[in-house]
Amino acid sequence: MRTPSRTALSTGVVALAAGVGGVAASFASVGLTREFVAQPIARASTDVLPARSIGAFVAEFGLSGQQMNLLLAMTLAVLVFAGLAAFGLAVGHRVGVSALAALITIVSVWTVATALTGNVIASGSPALASGIVVGLSEAAGRDIGDVELSPDRRRVVTGSLSALGLGALGLSFSPRPQIETEPVDAVSNPGGQTGEGTGMSVPELRELATERSLGIGSIEPLLSDYHYIVDINTIDPTVDRDNWTLSVTGEVEGEVELDYEGLQNLPAENRFSTLRCVGDSLNGKKMDTAIWTGVPVSEVLEQAGPDSDCDCVMVRAADDFYQEFPLSALEDGLLAFGMNGQTLPRGHGYPVRLLVPGHWGEINVKWVTEIEVLEREAEGYWEKRGWHGTGPVNTVAKLWDGGDLDGIVHRDDGTIQLAGHAYAGTRGIERVEVSTDGGDTWTDADLTEPLPGNDVWRQWSHTYDPPETQHEVVVRAVDGNGDLQIKEEANAYPNGATGWVRQTVRP
Ligand SMILES: Nc1nc2c(c(=O)[nH]1)N[C@H]1C(S)=C(S)[C@@H](COP(=O)(O)O)O[C@H]1N2
Ligand SMILES: [Mo]
């Protein structure tokens with residue numbers, strides 16, 4: 001029996017199936033790239049949400065927040081395509097020409113997908129897929145006399161099956177952008193090594209970090225096992241190394257454009273560098289250290305001859321991220337193409353990222369494409385959203401407690417051993433002080449021998465006889481200028497977290 005409500009319901013299912021099929025086909029043909037139809041929606045939702053919450057969201061959840069955002073964007077894309085298919089189906093039914101439903105679906109999905117991604121060719125696959133789902137379902141729903149299933153059921157089954165098929169296709173055939181990872185070391189750089197820097201090879205630096213790391217509890221070694229990732233992307237840009245260029249523009253004597261080979265033909269160096277996100281909470285884990293291989297920015301800047309009235313630059317990236325900060329800070333920067341002895345991973349900015357010693361993470365622009373020397377101050381991506389992350393990092397001493405990373409160890413002899421990391425950017429860590437009585441009295445902690453470089457964290461440790469009752473441990477660092485870590489407690493937004501880390505310890 002064909003009732004109007006059943007037909008409406010089956011039309012809805014077919015439209016939804018067309019939406020799923022379209023998004024799946026888009027994924028099947030381009031994978032997680034910027035041509036994927038959900039990407040611009042995800043990007044827009046990042047821009048529309050209140051700056052502060054999204055900033056905190058990105059900082060707090062990192063990857064998983066971005067995955068949720070992607071899922072939401074994919075759902076929205078399905079609904080939009082489904083709406084277009086529903087319109088096509090409605091027109092087709094009214095006119096009584098079922099081929100028209102498929103045609104309208106194809107044209108409208110193609111148009112909307114192109115409007116979203118800006119890519120006419122890549123938008124063909126979702127359009128055709130949605131059209132095919134609609135076309136097949138309509139064909140299956142035609143009156144062909146005595147068949148068990150009613151026409152509406154046949155449409156629903158056909159629509160669902162074809163969407164499922166396209167979904168499976170999408171999951172199994174989507175191209176996964178692969179970058180070729182190979183050993184990278186300044187020691188074997190085509191353009192040789194700089195006279196500056198450590199002069200050591202990556203394996204030598206790695207060994208040094210291992211030797212100097214404290215093996216206390218489960219705290220992270222001086223060279224992070226896992227380096228945090230924070231960026232604005234739901235889908236990272238895929239930058240082809242052979243097409244990558246960096247241009248130096250704006251207030252310069254002569255603009256410079258450099259390709260990947262050109263960069264590698266300049267002298268490179270290996271350096272330790274610690275990064276910390278301005279969104280990191282006081283005792284959070286968005287602070288890590290790696291060995292980076294790259295060319296000092298000064299090598300490239302010298303060629304351009306910058307002449308800036310504001311002593312400021314805007315650095316731009318392939319993901320449309322941009323940050324403004326002092327030219328003088330950039331001059332000490334590194335254009336890194338290697339991380340821990342390997343090709344820079346995609347998530348950390350492949351093929352080339354910037355590292356700016358001592359500045360908050362956001363200044364360390366990944367997928368870097370342009371350095372514009374400015375005439376006048378301007379605002380960067382996060383500063384437009386209320387953050388103040390363009391300056392040097394705050395001083396911090398951390399004491400991670402519990403979970404994978406734990407620096408509180410109860411030893412067999414009844415003593416307690418505390419250990420953690422301290423970081424103050426280029427000011428360096430001069431001292432870490434520990435209190436085991438809630439801040440009444442303080443003792444200097446032991447510090448690991450500093451690693452070479454001017455922007456590296458250190459580890460501290462302290463062993464004590466605990467009182468018989470529960471007590472509070474407090475840690476604070478003193479930077480190389482002799483300045484004590486700020487005591488006043490503040491959240492990460494907008495200036496970076498301040499305060500002293502306190503942990504309650506049971507004997
Ligand atoms: N192009 C680009 N670079 C970027 C970002 C970004 O969103 N886009 N995020 C910045 C922020 S906020 C931080 S904390 C660091 C983190 O670097 P990592 O992901 O390699 O740890 O990258 C910075 N560089
Ligand atoms: Mo950040």
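Rules and cut-offs
Residues numbered from 1 in each chain as written. Chains lettered and ligands numbered in written order. Predicted model: local features only at pLDDT ≥ 70, side-chain atom pairs only at ≥ 80, totals over all residues. Heavy atoms only, no water. Pairing = 2+ DSSP bridges. Helix = DSSP H or I, 4+ residues; strand = E, 2+ residues; numbered from the N terminus. Axes fitted to C-alpha atoms, helices over the stretch in contact; angles between N-to-C directions. Salt bridge = Lys/Arg side-chain N within 4 Å of Asp/Glu carboxyl O. Buried < 20%, exposed > 50% of the residue type's maximum accessible area, 1.4 Å probe, protein only. Near = heavy atom within 4 Å. Polar contact = N/O pair within 3.5 Å; in protein donor to acceptor, adjacent residues only side chain to side chain. Areas by Shrake-Rupley, 256 points an atom, 1.4 Å probe, with all protein chains shown as cover. Nonpolar A, V, L, I, M, F, W, Y, C, P; charged D, E, K, R; others polar.

(A) A look at the sheet that holds strand S10 (residues 368–373). Strand order in the open sheet made by the 5 strands is S2-S1-S10-S5-S6, with mixed pairing throughout. Strand pairing shows two members of the sheet lacking a second neighbour, strand S2 (256–259) and strand S6 (322–326), which therefore form its edges. With direction set aside, neighbouring strand axes in the sheet form an average angle of 15 degrees. Of the strand pairs in this sheet, strand S5 (residues 312–317) and S10 are connected by 5 bridges, and their pairing is antiparallel. Directly across from Met314, in S10, lies its bridge partner Glu372.

(B) Examining the pattern of salt bridges more closely. Inspection of the entire model under this criterion finds 17 salt bridges. Arg212 serves as the salt-bridge partner of Glu449, at 3.3 Å between the closest nitrogen and oxygen. Taken together, the residues Glu449 in the loop between strand S16 (446–447) and strand S17 (458–464) and Arg212 in helix H8 (residues 202–212) connect sequence positions 237 residues apart. Asp280 is the salt-bridge partner of Arg276, the closest N and O atoms lying 2.9 Å from each other. The pair formed by Arg276 and Asp280 is uniform in burial state, with each residue classed as buried. One connected set of salt bridges, linked through shared partners, spans Glu430, Arg431, Glu433, Asp444 and Arg476.

(C) Spotlight on unusual backbone geometry. The omega torsion of the bond from Tyr350 to Pro351 falls at 5 degrees, within 30 degrees of zero and hence cis. Cis geometry marks the peptide bond from Tyr493 to Pro494, where omega comes out at 0 degrees. With respect to the helices and strands, Pro494 occurs in the loop between strand S18 (471–479) and strand S19 (501–505). A positive phi angle, near 50 degrees, is found at Asp311, a position not held by glycine. Within the secondary structure, Asp311 is located in the loop between helix H10 (297–304) and S5. Owing to a relative accessible area of 33%, Asp311 belongs among the partly exposed residues under this scheme. The phi torsion at Asn340 lies on the positive side, around 50 degrees, for a residue other than glycine.

(D) Region of interest: the site of ligand 1. As a matter of local geometry, ligand 1 sits amid 20 residues, with Tyr228, Asp319, His348, Arg353 and Lys366 nearest to it. Measuring from an oxygen atom of ligand 1, one finds a backbone N or O atom of Val230 at 3.1 Å. Contact distances for ligand 1 include 2.7 Å between an oxygen atom and a side-chain N or O atom of His348. Contact with the protein chains covers 99% of the free accessible surface of ligand 1, which is 530 Å². For the shell around ligand 1, the residue count by class is 11 nonpolar, 4 polar and 5 charged.

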